[in-house]
Amino acid sequence: MVRNNKQTISNMAKGLAVILLFLVIWEIAAIIINNNYILPRLGDILLVLVHPLASVLGGASLAQNAAVSLREVLTGFFCAVAIAVPLGLLIGTSKEVDSYLNAFIQMIRPVPPIAWMPFAIAWFGLGFTSIIFIIFMGAFFPVLINTIDGVHGVRTQWTDVARMFRATSLERVRTVVVPGAMPVIWTGLRVAFAVAWMCVVAAEMLPGTSAGLGFMIMYAYNLGQLQVIGAGMVIIGIIGLGADLLFRAGQARFFHWQGRG
Amino acid sequence: MDPVLTVRDLAKTFVEGEQECSVLQGLSFDAFPGEILCIMGTSGCGKSTLLRMIAGLETIDSGSISMPGQQEGGKAGAAMVFQDDALFPWLSVCDNISYGLKLGNQDVPGDVASKRVADLLELVRLTPFSTYYPYQLSGGMKQRAAVARALAVQPGIILMDEPFSALDPFTRRELQDEITRIRDTASADGHPVAILLVTHNPEEAVYLADRIIVLSDRPAAIHGVIDVRLPHPRSISDREFLVIREKVTGLVKR
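Not measured: the values here are computed from a predicted model.

Here is what the cut-offs are and how they apply
- Residues numbered from 1 in each chain as written.
- Chains lettered and ligands numbered in written order.
- Predicted model: local features only at pLDDT ≥ 70, side-chain atom pairs only at ≥ 80, totals over all residues.
- Heavy atoms only, no water.
- Disulfide = S-S within 2.5 Å.
- Helix = DSSP H or I, 4+ residues; strand = E, 2+ residues; numbered from the N terminus.
- Expected span 1.5 Å × (residues − 1).
- Buried < 20%, exposed > 50% of the residue type's maximum accessible area, 1.4 Å probe, protein only.
- Arc of directions from axis to C-beta.
- Contact = heavy atoms within 4.5 Å.
- Domains from an automatic or database assignment.
- Buried area = accessible area lost by both parts, 1.4 Å probe.
- Salt bridge = Lys/Arg side-chain N within 4 Å of Asp/Glu carboxyl O.
- Polar contact = N/O pair within 3.5 Å; in protein donor to acceptor, adjacent residues only side chain to side chain.
- Nonpolar A, V, L, I, M, F, W, Y, C, P; charged D, E, K, R; others polar.
- 1 Å grid on protein atoms, 1.4 Å probe; cavity = no way out; pocket = protein on both sides within 12 Å on 5 of 7 lines; lining within 4 Å.
- Points joined across faces, edges and corners; volume = space filled by probe spheres on them.
- Pairing = 2+ DSSP bridges.
- Axes fitted to C-alpha atoms, helices over the stretch in contact; angles between N-to-C directions.

**Overview of the state of the cysteines**
Move 1: Under the defined criterion, the tally for this structure stands at 0 disulfides over all chains.
Move 2: Not part of a disulfide, Cys45 of chain B finds its nearest cysteine sulfur in Cys21 of chain B, a span of 11 Å.

Dropping the structure here:
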C-alpha cells in the first residue's frame, strides 16, 4: 500500500514537472517575443482565470461559457451513448445485423464530425441543436466501435456457461455480454468524451453561436485578445483532465476485477 | 438403479464448407448416480464434443441424450466444469457460485439459494474467500469455485472437460481427492451426482473413475469399457492400480 502510494505520488510529480516545464518555456518565449498579439504572458492569462465570474469582453463570463459548453457536451455525449451502446450490443451479438450495417458504418465513420455542420445547419438551423448533432456524430462512433469490439472480446466460454445454465438470450446479454464487454465500452466512453470536447469547441467557433468556450475563443481572436484564448484553452484542458480522472476513477472502481493493480 | 444419463446411438458430423468430418458414430452408454465415469481417447476423437452435446452446447445429428432428472421440477440435468475455470471475472466467488440460481429458469427462493451457496462454499473450502474475485484466487481455488458453481443447480450429472490439465501436479492431486470427497458428500446429503470426466491422463482416470470408457478414433465409438473396482483413496503405486493403468494406456494407444 505504502509502495503504491509512493508510486502514485511519484507519477503525479512527473506529470506536474512536465506541465511546469511547458509553462516555463511559454513564459520565457512570451518575454522574448514581447508581443501580446502573438503569445500572451502567463500573468495575463491568469488574470482572466482568477475572475471566472466576471464578464469576458463584454459578454458572458468564463464560468458561463464553460457551463454552456459542458451542457452541450453532456447532452450530445449522452445522446450518442444512449444509441451507440444498444446498437453496438445488437451488432456485436448478431452477425446478421453486422452484415447489414458494417459497410454503412465504416463509410460514415471516417467523415470528420465538423464536416456535418452544413447539413446540421440545414436540418436543425443555427445554434444548440446543430452543435448537439455535431457532438453526437463525434462521440457516437468511438462508443459504437468499442461496444462492438467489447462484445466480440467476450470469451466464448463465458457465454457457454450461461447457455449451459439455460439462460435466455436476454439473460445472456444482461449477465455475460454487457459486463464482459464493459471495460472496452468504458474505454470507448472515455475516448468519446474527449472527442465530444473537441467537437463542441470547433462547432461553437462556427457562425451562429453566441456562447460557449469555442465562441469565446473565436470572439477573442477577432478582437486580438489572446490572453482570453489562452484562458479558454486552460479551462478546456482542466475540464478534459477532470473528465479523464473521473473515467479513470470509474475504471478503478468498476473494473478492479481485471486485476491490473 | 436408474441412470441419470442415457446416451443412445449418438452421432455428430461437423460440416465446414464442402468438408464433412464425422466425429461421433453410434455412441451409447449410461451414467448412474454417484458414479465417476471417465471418458478417454486420443486427441481430437470427440470427447469434448460429446460433453458439449450433453451440456446442450452442441446440436445432436442423430441419436438421443436423456437425463431423467431434468424433467423433475426444472432441476438441471447436467452442469459443466470447463478446462479452464471459465469463472466470470466480474463476479465474486459467491456470486459466481450463485449465478445459475439467479436465472429465470431456476425456481429457488432467495433464502434457499443463500443457504445452498454457503453450504457449497463450505464443501469446496472457499468460505473465507467468498468475497474474493477470480483474479485473487489460485488455479486450484478457481477450479473448486467452478465445481461449486456447477453443483449449485443440483444437477444429476457434472461434466468435466479436462478440468485439471492446466494445474501443477500437486494441485491436480489435491483436486482429484477433492472430487471424490465432493461426490461422497453430495451422496451423503441426498443429492447423489454422477461425474463424467474427460481426461488424457490414464493415471488420473484410474485414480478417480468407477468406470472408464475408451473411445476409438474418429468417428468415435466405444472402443472399450473398464470397471475400476479399487477402494478409495487409491494408491498410484498399488500393483492392481498399475495393472489397470497399463490396460487403459494400451487401449487408448492401441
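**Section: helix H4 (residues 110–123) of chain B**
All names here are of chain B.
Move 1: Here H4 is 14 residues long and its end C-alpha atoms lie 20 Å apart, about the 20 Å a rise of 1.5 Å per residue gives.
Move 2: Within the sequence span of H4, burial applies to Ala113, Arg116, Val117, Leu120, Leu121 and Leu123. Looking straight down H4, one finds that the buried residues subtend no more than 155 degrees of arc, so they occupy a single side. Every exposed residue of H4 that faces more than 90 degrees away from the buried side is listed here: Asp111, Lys115 and Glu122.
Move 3: Taken together, the buried residues of H4 touch helix H3 (93–97), helix H5 (139–152) and helix H6 (169–188).

**Overview of the domain arrangement of chain A**
Residue and element names in this part refer to chain A.
Move 1: Taken domain by domain, chain A consists of domain 1 (1–34) and domain 2 (38–258).
Move 2: Between the C-alpha centres of domain 1 and domain 2 there is a distance of 27 Å.
Move 3: Facing 7 residues of domain 1, the contacting portion of domain 2 comprises 6 residues.
Move 4: Roughly 680 Å² is buried in total at the junction of domain 1 and domain 2, and carbon and sulfur atoms are behind 75% of that figure.
Move 5: Among the ionic pairs, Glu27 bridges to Arg41, the shortest N-O distance being 2.8 Å.
Move 6: Taken together, the links from domain 1 to domain 2 amount to 3 residue pairs in polar contact (both at pLDDT 80 or more).
Move 7: Residues of the side of domain 1 that touches domain 2, tallied by class, amount to 6 nonpolar, no polar and 1 charged.

**As for the interface of chain B and chain A**
Where the parts come together, the accessible area they lose is often given as the size of the interface.
Move 1: The interface is formed by 29 residues belonging to chain B together with 19 residues belonging to chain A.
Move 2: Buried area between chain B and chain A, summed over both chains or domains, comes out near 2,200 Å², and the portion from carbon and sulfur atoms is 62%.
Move 3: Applying the counting rule to chain B against chain A returns 2 salt bridges.
Move 4: Put simply, Asp84 of chain B and Arg155 of chain A hold a salt bridge, and the shortest N to O gap is 2.6 Å.
Move 5: Linking chain B with chain A are 6 residue pairs in polar contact (both at pLDDT 80 or more), by the criterion used here.
Move 6: When contributions to the side of chain B that touches chain A are tallied by element, the ones reaching two or more residues are strand E5 (78–81) and H5 of chain B.
Move 7: Residue contributions to the side of chain B that touches chain A peak at 3 residues, all from E5 of chain B.
Move 8: Tallied by class, the residues present in the side of chain B that touches chain A amount to 18 nonpolar, 7 polar and 4 charged.

**Focus: the environment of Gln106 of chain B**
Move 1: Counting through the fold element by element, Gln106 of chain B comes out in the loop between H3 and H4.
Move 2: The class for Gln106 of chain B is buried, based on a relative accessible area of 13%.

**Side note on the layout of surface pockets**
All names here are of chain A.
Move 1: By volume, the largest pocket is sized at about 1,400 Å³.
Move 2: Lining the largest pocket are 31 residues, with Ile19, Leu241, Asp244, Leu245 and Arg248 positioned closest to its centre.
Move 3: Residue assignment for the lining of the largest pocket shows that the elements contributing at least two residues are helix H1 (2–33), helix H2 (42–49) and helix H10 (226–254).
Move 4: In terms of residue count, H10 provides more of the lining of the largest pocket than any other element does, 12 residues in total.
Move 5: A per-class count over the lining of the largest pocket returns 18 nonpolar, 9 polar and 4 charged.
Move 6: Of the domains in this structure, domain 1 (1–34) and domain 2 (38–258) are the two that each give at least three residues to the lining of the largest pocket.

**Describing the sheet that holds strand E9 (residues 222–227) of chain B**
Residue and element names in this part refer to chain B.
Move 1: Judged by pairing direction, the sheet is mixed, and its 6 strands sit side by side in the order E5-E6-E7-E3-E8-E9 without closing on themselves. Two strands bound the open sheet, and with one partner strand each, they are E5 and E9. Strand-to-strand, the axes of this sheet are offset by a mean angle of 20 degrees, without reference to chain direction.
Move 2: Running over the sheet, helix H8 (residues 239–253) touches strand E3 (36–40), strand E8 (211–215) and E9 and is turned about 175 degrees from E9.

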